[in-house]
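Architecture and fold: a report
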Amino acid sequence: YSLYRPRVYQASCRARMDHLRAFFENLAREWDLSQPPGRDSVINRLLEPFDQELVQSKSILDVGTGTGAMIPILQNRYPASRIISVDLAENMLRIAKRKMLNDCLVQSDVHALPFRDGNFACVICHNSFPHFWQKDQALMEIRRVLQVEGKLLILHDISREKVNWIHRNAREKVIHHDLLSEGNILGQMLSQAGYQLLTLEDDDTHYSSFAQKQ
């Protein structure tokens, strides 16, 4: 992969993301302790339907990695892939670093990714998509760094209703509006951003959307 200077984006979005960054910087130390037991098994099960595509991906961008829950899972499932993980919060990445083998961590905002066009065969957003303040811009930025016919996987290991309940009732107001959209709304966003929606699952256990760059 290759780095370059991030694009400049709207000041209002930048201010919003600064507030969100501060929230996650403070949350980092306790984040892993709040996760349910057996979560790795759940994530592995949810990734299984996408194995055929992902195992062929020579480069995978893990957006919003947090403390790196996806890192060892992706390394084990797709050992031939180069895994690059990004997150907004430095403290999250400090913890994620302990879970890395030979791959790379980058502190970055999804609205202005520091990668050149077409660097990745696949982008995975695990439990991070609701926090993209300008989702249309984030989807366009992800599309930019995807290769031709590259894939985007948006994945949550809990239901959309539970995601939204947690965010609406959070003590910190900064995430009250970070909601996961209904499938038809996400499908429209993806289409407008230049993706073809391949599969979408929205049930009481999980949420996943798999799309291809057009």
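Relevant structure appears above.
Summarised in this report is the structure supplied together with it. (Residues numbered from 1 in each chain as written. Predicted model: local features only at pLDDT ≥ 70, side-chain atom pairs only at ≥ 80, totals over all residues. Heavy atoms only, no water.)

**So, the layout of surface pockets**
Put simply, the largest pocket is a space of about 1200 Å³. What lines the largest pocket is a set of 46 residues, among which Phe-24, Leu-27, Trp-31, His-131 and His-167 lie closest to the centre. Looking at the lining of the largest pocket, the elements with two or more residues in it are helix H1 (11-31), helix H2 (39-47), strand S1 (59-63), strand S2 (82-87) and helix H7 (160-168). Residues that form the lining of the largest pocket fall into these classes: 22 nonpolar, 15 polar and nine charged. (1 Å grid on protein atoms, 1.4 Å probe; cavity = no way out; pocket = protein on both sides within 12 Å on 5 of 7 lines; lining within 4 Å. Points joined across faces, edges and corners; volume = space filled by probe spheres on them. Helix = DSSP H or I, 4+ residues; strand = E, 2+ residues; numbered from the N terminus. Nonpolar A, V, L, I, M, F, W, Y, C, P; charged D, E, K, R; others polar.)

**Some points on unusual backbone geometry**
A positive phi is found at Asn-127, a non-glycine position, where the angle reads about 55°. If you trace the backbone, Asn-127 turns up in the loop between strand S4 (120-126) and helix H6 (135-145). The partly exposed category is assigned to Asn-127, whose relative accessible area is 23%. Backbone geometry at Glu-149 places phi at a positive 65°, although glycine is not the residue there. Looking at the element boundaries, Glu-149 is found in strand S5 (residues 146-156). (Buried < 20%, exposed > 50% of the residue type's maximum accessible area, 1.4 Å probe, protein only.)

**A closer look at the sheet that holds S2**
Spatially, the seven strands line up as an open sheet ordered S3-S2-S1-S4-S5-S7-S6, and their pairing is mixed. In this open sheet, the two strands that pair with only one neighbour each are strand S3 (104-107) and strand S6 (195-202). Here the average twist between neighbouring strands, direction ignored, is 15°. Where S1 meets S4, four bridges bridge the pair, whose relative direction is parallel. Its bridge partner being in S4, Asp-62 is matched across the sheet by Ile-124. Taken strand by strand, H6 contacts S1, S4, S5, S6 and strand S7 (207-213), and its axis lies near 135° from that of S5. (Pairing = 2+ DSSP bridges. Axes fitted to C-alpha atoms, helices over the stretch in contact; angles between N-to-C directions. Contact = heavy atoms within 4.5 Å.)

**So, the pattern of salt bridges**
Side chains that carry opposite charge are capable of pairing whenever their charged atoms lie near each other. Inspection of the entire model under this criterion finds nine salt bridges. Put simply, Arg-77 and Asp-51 hold a salt bridge, and the shortest N to O gap is 2.4 Å. Here Arg-77, found in helix H4 (residues 70-77), pairs with Asp-51, found in helix H3 (residues 51-54); they are 26 residues apart in sequence, far enough to count as distant. The partner of Arg-144 in a salt bridge is Asp-117, with the nearest N and O atoms 2.8 Å apart. Taken together, the positions of Arg-144 in helix H6 and Asp-117 in the loop between S3 and S4 put the pair 27 residues apart, joining distant regions of the chain. By relative accessible area, which is 53% here, Asp-117 ends up exposed. A single salt-bridge network, built from bridges that share partners, covers Asp-117, Glu-141 and Arg-144. (Salt bridge = Lys/Arg side-chain N within 4 Å of Asp/Glu carboxyl O.)

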